[in-house]
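Analysis of the macromolecular model
For reference, the chains in residue letters:
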Amino acid sequence: MKRLITSLLLILVPLCWIAAQSSLPNGYAGIHLGMTVDEVKEALQKDGQFGYRGDRDVSLLPGENRSIIETDTSRTAPYSFLDRCWFQFYEDRLYIITINIKTEKMDHYSVFSTLCGKYGLPNSLNPSKSEWTNDSVMISLERPLSIKYTDKKVFDSLLEQSRVDKSVLENNQQHFLEGL
């Protein structure tokens, strides 16, 4: 048994290293991070697998300069592997693509194996999520079965802003409490 595991590792590790040399994609099916809202709408209209129905699928998110497009394939694209999809924008640029995959048509292991074959072993792995990252893109495979493409620079910037906002709030809260 130990010999079998060693043999498999000797085969898989070089293959994963070669695969890891491939750059991570920044989107799926002609929709890429950094596109404008109008560019994404146009691409969604051209590709029936997403089930996009037009502007009624677009809404604003709380916070400045944020909007989202949500699609649902249950009525418009029943043969698609995709279920619900979300396209999140910040300052009119796409920075997160979330694609839920129909679990009755696809399994987690097939998607995980494909991603490992193309991009190598994930940088982070736990029971609920696997992540592949580089300087500009983060791809997450999450359970039960969704893929998320994230613009790492925008995400990190928003994360840092939220930390600053929290620090200001904490300071204001402390100042208020001291004044009681």
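Calculation rules
- Residues numbered from 1 in each chain as written.
- Predicted model: local features only at pLDDT ≥ 70, side-chain atom pairs only at ≥ 80, totals over all residues.
- Heavy atoms only, no water.
- Helix = DSSP H or I, 4+ residues; strand = E, 2+ residues; numbered from the N terminus.
- Salt bridge = Lys/Arg side-chain N within 4 Å of Asp/Glu carboxyl O.
- Buried < 20%, exposed > 50% of the residue type's maximum accessible area, 1.4 Å probe, protein only.
- Contact = heavy atoms within 4.5 Å.

**A look at unusual backbone geometry**
Across the junction of Arg143 and Pro144, the peptide omega takes the value 5 degrees, indicating a cis bond. Positionally, Pro144 belongs in the loop between β9 (137-142) and β10 (146-151). In this structure, Ala29 takes a positive phi of about 50 degrees despite not being glycine. Assignment of secondary structure puts Ala29 in the loop between β1 (27-28) and β2 (31-32).

**Focus: the pattern of salt bridges**
Counted according to the given criterion, the structure contains six salt bridges. Of the charged contacts in the structure, one is a salt bridge between Arg84 and Asp72, with a shortest N-O distance of 3.3 Å. Note that Arg84 is positioned in strand β5 (residues 82-90) and Asp72 in strand β4 (residues 66-72), a separation of twelve residues in sequence. Overall, Arg84 belongs to the partly exposed group, its relative accessible area being 31%.

**Brief notes about the environment of Met106**
Position of Met106 among the secondary structure elements: in the loop between β6 (93-101) and α4 (108-119). Accessibility expressed as a relative area gives 28% for Met106, which makes it partly exposed. As for Met106 and Leu82, which are separated by 24 residues in sequence, their C-alpha atoms are 9.5 Å apart. Apart from the residues lying within four places of it in its own chain, the contact partners of Met106 are Phe81, Ile101, Val111 and Leu145.

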